Amino acid sequence: VALKEAGLGFSATGRNASTAIAWLPTAGNEAVASSPLVAEPPKARSTITIAPWRITAYRLSPERTVDLLCACVGRETLAPGVVVGADLAFWATAMRLAGATVARQKFLPDVVMENGTCYARWKPVLAGPGAQALGKLAGAMPAVARALTLEGASPPDLAPAAVASEFIACIVDSLVRATTLPRPGAVRPVRPRKPQRTRAGFESIHDQWLHALCAADGTLEGDPKALADFALQVREWQRPVAVSTAAPFRLSFRLEEPADEGDPRGSVHPGQEPWYVRYLMQATDDPSLLIAAEEVWNARGVNASVLKRKGFDAKEYLLLSLGQASGICPRIETSLETAAPGGYEVDATGAHEFLTDRAAALEQAGFGVMLPSWWTRKGTKLRLSTRANVKSPKMQGGDGLSLNELVRFDYEVALGDERLSYEELQMLAKLKTPLVNVRGQWVQMSAGEIQATLDLWKKKGVGQTTVREVIQMALGAAPGPVAFDGVTAEGWIADLLAQLDGRDAFEEIAPPEQFSGVLRPYQARGYSWLSFLRRWGLGACLADDMGLGKTVQTLALVQRDWHANGRRPVLLICPMSVVGNWQKEAARFTPELPVMVHHGVTRAKGAAFKKEARKQAMVISSYALMHRDFEILKGVRWAGVVLDEAQNVKNPETKQARVARAIEADYRIALTGTPVENNVGDLWSIMEFLNPGFLGTQAEFKRTFFVPIQANRDAEAARRLKRITGPFILRRLKTDKSVIADLPDKLEMKVFCTLTKEQASLYAAVVAEAEKTLDSAMGIQRKGIVLATLSKLKQVCNHPAQFLGDNSPLDGRSGKLARLSEMLDEIIAAGDRALVFTQFAEMGELLRRHLQETFGREVLFLYGGTPKQQRDRMVERFQAEGRGPSTFILSLKAGGTGLNLTRANHVFHFDRWWNPAVENQATDRAFRIGQTRNVQVHKFLCVGTLEERIDEMIERKKELAEKVVGTGEGWLTELSTAELKELLKLSKEAVAA
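What counts as what
- Residues numbered from 1 in each chain as written.
- Predicted model: local features only at pLDDT ≥ 70, side-chain atom pairs only at ≥ 80, totals over all residues.
- Heavy atoms only, no water.
- Helix = DSSP H or I, 4+ residues; strand = E, 2+ residues; numbered from the N terminus.
- Buried < 20%, exposed > 50% of the residue type's maximum accessible area, 1.4 Å probe, protein only.
- Contact = heavy atoms within 4.5 Å.
- Areas by Shrake-Rupley, 256 points an atom, 1.4 Å probe, with all protein chains shown as cover.
- Core = buried A, V, L, I, M, F, W, Y, C linked by side-chain atoms within 4.5 Å.
- Axes fitted to C-alpha atoms, helices over the stretch in contact; angles between N-to-C directions.
- Parallel < 35°, antiparallel > 145°, perpendicular 65-115°, else oblique.
- Left-handed = near helix turned anticlockwise from the far one by under 90°.
- Nonpolar A, V, L, I, M, F, W, Y, C, P; charged D, E, K, R; others polar.
- Salt bridge = Lys/Arg side-chain N within 4 Å of Asp/Glu carboxyl O.
- Pairing = 2+ DSSP bridges.
- Phe/Tyr/Trp six-rings, centres within 6.5 Å; stacked < 30°, edge-to-face > 60°.
- Disulfide = S-S within 2.5 Å.

The subject of this paragraph is the overall build of the protein chain. Assigned secondary structure in the protein chain consists of 37 helices and 34 strands. The buried share among the 993 residues of the protein chain stands at 48%. Across the protein chain, contacts joining residues at least 24 apart in sequence account for 72% of those joining residues at least 6 apart. For the protein chain, the computed accessible surface area is about 48100 Å², with 52% contributed by carbon and sulfur atoms.

Here it is in structure tokens:
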């Protein structure tokens, strides 16, 4: 298509347009593009040529198209191996615009002629915002979206706007028609009776038209001349709408408030001067150009020449538009009784009606609406601010205090920045008008809101409440009919509120003496923040980027809490793929703490579990077991509950989310790199786990935040949501300057994975087979057996499909693959790029296939058999700016040297070479001159297997690693048989539940 746009052309062949030809270039012996749908590509030539490739295309009905595109919305894959391409995603966006057009009832019945046949169609009317949306859509259209034409048909208009308009028209017609057709088993809404066809036919062409608009195909039959005349009648009937949508101007309405009547000394009154709704002509290409209706009627003034555009009759357009608008607003119809209407006057009640009702309806109909600036400002709404005073001045915020402490408070009522007395509030209630002027400022009044405020003042003008309720009010999270504007406080409550909203810094504390590690400065701040919220029993979401140490910060808190809370256990819930990682990290940083892993068929239950759990500082379990063993878990008095990868509870309706909220503990922590994974609805579930009630009920959250933010892009609602949740979510990115300064250039970490039951079974079988022959084998034969066994066990740890070589399904069978997928999901979402090293070419191909199918993105794979030209092209594409492949898999030998891949800031060693020098060489593909970001190196190990034990051996001898280990795995063959058996054995902690 790009070549066609350059003047080289393209065509289509095949019956019913089921086959198309697109032009693609070939160079040398390498095709630039390939596809399983391509048949018999042209022979390569030594020079660049233009040659056709045959692509099979399948036609879908509009109904099937809608079903397919609905399934594509917001997704990158439909099923393993079925990827939603950029062009399909574009059509899904276009389909949503068509759906919105139908939902807003922006369509008219029409008559069209197609290939000599007359049809009844539903025609979209895209004006105002709809036309702007169509323009943006056309600008974003991929060239391939215009690549297919019907065989034998005349060349269509392939301009993006024309193609998009035709598609939307087709989908709108299908969607509207679908609402009029009966569906099996469906309850049909009550509709006007459709004209019934008799043996003699329809009584009139109008009856046939109405029937065809509700029929499946919409065909109109009859005399061609009569049909043509009827089509002209329909066009004339549509003329007012056609004129409106094609006009270079649109009618707009501006509400103008009366002159300021406010008394700065404190008057409260409804105002006597009239408001005015003015009619204006607004240029569609320059919204700042506004021309008063009076100038249009008089054809005089500075803008008279501007209105004289080719083919545009300003007076006719204005009269037609006012006639359309009069159906929405009766006052406009009354104003048309004058010779040259320029607007109409209203009182305060009428102005409020225009603000709250008519304005939205006019805007929805495509007219412009301009309202006073104060209407959208927070200062126009009735606001209740509270003041909380500590009941006892002796309270200093010690560890003994809780959020249930009672404090004395009183209420104040304010409009904007003006405080109102109780008498003024009573006066507002008596006015019974929706718009009043208070000290020179127009504000909207709700009788129910005023009465609720009066009742609250009478009931709780001065009283007591808890610190928790004070915090909710201060953050704007207090439920009720009146909006709260915050809290002013004194003493230790003032300090607490200032620390929560960031006005004052919380105290940074040193990690406990027993903690075996050094926290980086940003980690110390995170640990102190967790401790601060834990002290008050407030839940905390630590949402640091991957690799910044959420685990170590949490372990420091658990260590401190163990000694401070009477040695009560903490329950940690995580995906099974990271259970081993938590176990190892706890042993490394908090070696004195007793830790129990609760999983497997032999796990303790009932009274035995309670007895054992009380001895532990931390009990680690998985999300699956949290639900299955809820009755067991809830019987323990937990000091805290920690959810790792807390996005697992983002859906509040799932069993594991409900169980997580039901487990009682003194404090709660959520760890996740993606607190908002899909939409702001994810926040409610996490916050309800952390601090129940702070975001109201799920229905209240949807009404107050979800719909305004997701559907209306309400910035004020987003600001209020951030204010409530911000104190409890700590999010640091690797790009933060304060974090970058703390990070080393290269951060290496080990990722401990567990085996699946299938892997464990295969592992045990390989070890048993080796043990049979090791005792009797000698010399070269023994070395061969050892090396073969090591290779087999590595393959088992990677994936059973690699070991078996049977091309079997990959998902759910490997702990390593599961963890790699989880980590890459976060990396891709952050826009980072990653290198994945494996020493097995066959494993590299398995990884490429699985990751490509999982994420719906191209994954590069470089191995020893890759031609140099293709290898160079891969490197070039990976290094390029913009939307390129984000994951590059390399075999260790082919990609370990000679490449510059500095676009990557993550390096994965999926399986280990057991030679630090070779691994460092591979890592240096990303960590080298030209790298501008910190590089994170992830070394995968299967816990309880030879991978973990060999790593421990290398760590113990690290200073002599290159001499002791040498190159490759030959040094392992020198171990005694007893040492080898110890090395190869499978520990019980290796297997996932």
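Moving on: unusual backbone geometry. Not every positive phi belongs to a glycine, and Gln105 is a case in point at roughly 60°. The residue Gln105 is located in the loop between helix H3 (86-103) and strand E6 (107-114) in this model. For Gln105, a relative accessible area of 62% puts it in the exposed group. Phi is positive for Asn807, close to 55°, though the residue is something other than glycine.

Looking now at the nonpolar core. Note that soluble globular proteins tend to have their nonpolar side chains buried in a common cluster. With 95 residues, the main nonpolar core has Ile471, Leu538, Trp582, Phe609, Trp638 and Leu643 as its most contacted residues. Contact partners of Leu538, with chain neighbours within four places excluded, come to Leu403, Ile471, Leu500, Leu533, Arg668, Asn691, Phe694 and Phe728. Residues Ala293, Ala348, Phe354 and Trp375 belong to the second largest nonpolar core, which totals 38 residues.

Before going further, it helps to spend a moment on the packing of helix H14 (residues 467-474) against helix H15 (residues 491-500). Running from N to C, H14 and H15 point in directions that differ by 45°, and their axes come no closer than 11 Å. Put simply, H14 runs oblique to H15. Seen along the crossing, H14 lies across H15 with a hand that is right-handed. Taken together, the residues of H15 that come into contact with H14 (itself represented by Val467, Val470, Ile471 and Ala474) are Trp492, Ile493, Leu496, Leu497 and Leu500. Among the residues making up the contact of H14 with H15, the classes are represented as 9 nonpolar, no polar and no charged.

Evaluated as defined, the whole model comprises 38 salt bridges. One salt bridge in this structure joins Asp545 and Arg731, with 3.6 Å as the shortest N-O distance. Of this pair, Asp545 sits in the loop between strand E22 (540-542) and helix H17 (550-564) while Arg731 sits in the loop between strand E28 (729-730) and helix H26 (737-740), placing them 186 residues apart in sequence. Accessibility expressed as a relative area gives 11% for Asp545, which makes it buried. Taking the relative accessible area as the measure of exposure, Arg731 reaches 36% and is therefore partly exposed. When salt bridges that share partners are traced, they join Lys746, Glu748, Lys750, Arg912, Glu919, Lys939, Asp951 and Glu955 into one network.

As for its placement among the helices and strands, Thr65 is situated in helix H2 (residues 62-72). Here Thr65 is in contact with Leu60, Phe167 and Ile171, once residues within four sequence places are set aside.

Taken together, the 6 strands give an open sheet; going across it, the order is E29-E34-E33-E30-E32-E31, and neighbouring strands pair in parallel fashion. With partners counted over all chains shown, the strands left at the sheet margins are strand E29 (746-753) and strand E31 (859-862), one partner each. Taking each pair of neighbouring strands and ignoring which way they run, the sheet shows an average axis angle of 20°. Contacts from helix H34 (residues 916-923) reach E29, strand E30 (834-838), strand E33 (906-909) and strand E34 (935-942) within the one sheet, and its direction differs from that of E33 by about 145°.

Here we take up the packing of aromatic side chains. Tallied over the entire structure, the rule returns 16 aromatic pairs. Considering the side-chain rings of Phe701 and Phe705, the 5.7 Å spacing of their centres and the 45° angle between planes classify their relative orientation as tilted. Taken as a pair, Phe701 and Phe705 lie in helix H24 (residues 698-711) at a separation of 4 residues, close to a single helical turn. Of the two residues examined, Phe701 and Phe705, each falls in the buried class. Arranged with centres 6.0 Å apart and planes meeting at 40°, the rings of Phe910 and Phe940 form a pair that is tilted. With Phe910 in the loop between E33 and H34 and Phe940 in strand E34, the pair connects residues that are 30 residues apart, well separated along the chain. The same class applies to Phe910 and to Phe940, which are both buried. Among the aromatic side chains, those forming a connected cluster through ring pairs are Phe253, Tyr279, Tyr344 and Phe367.

Structurally, Ala228 can be placed in helix H7 (residues 224-246). Given the relative accessible area of 37%, Ala228 is considered partly exposed. Distance in space between the C-alpha atoms of Ala228 and Val111 is 9.2 Å, their sequence separation being 117 residues.

With antiparallel pairing, the 3 strands of this open sheet are ordered in space as E6-E7-E8. Across the chains shown, the open sheet's two edge strands, defined by having one partner strand only, are E6 and strand E8 (219-220). In the sheet, strand E7 (residues 117-124) pairs with E8 via 2 bridges, with the strands oriented antiparallel. Each bridged residue has a counterpart across the sheet, and for Tyr119 the counterpart in E8 is Thr219. Helix-sheet contacts for helix H5 (residues 160-178) involve E6 and E7, and the interaxial angle to E7 is about 90°. Relative to the sheet, H7 contacts E6, E7 and E8, its axis offset from that of E6 by approximately 145°.

Right, let's get into the pairing of E6. In terms of strand pairing, E6 meets E7 through 8 bridges, oriented antiparallel. Bridge pairing links Phe107 to Pro124 in E7. Joining the antiparallel neighbours E6 and E7 is a turn of 2 residues, in which Asn115 adopts a positive phi near 50°.

Right, let's talk about helix H35 (residues 946-956) for a bit. Each turn of an α-helix holds 3.6 residues, which means side chains three or four residues apart point in the same direction. Burial of H35 is extensive: 8 of the 11 residues sit out of reach of the surface. Residues Leu946, Glu947, Glu948, Arg949, Ile950, Asp951, Met953 and Ile954 constitute the buried set of H35.

Evaluated as defined, the whole model comprises 0 disulfides. With no disulfide of its own, Cys753 has Cys942 as its nearest cysteine by sulfur position, at a separation of 5.8 Å. Under the relative-accessibility criterion, Cys753 is labelled buried at 0%.

Turning our eyes to something else, we now look at the packing of H3 against helix H4 (residues 129-139). Across the interface, H3 lies against H4 with an axial gap of 11 Å and an inter-helix angle of 170°. As the angle between them shows, H3 and H4 are arranged roughly antiparallel. Here H3 contributes Phe90, Thr93, Ala94 and Leu97 to the contact with H4, which in turn contributes Ala133, Leu134 and Leu137. When grouped by side-chain class, the residues that make up the contact of H3 with H4 number 6 nonpolar, 1 polar and no charged.

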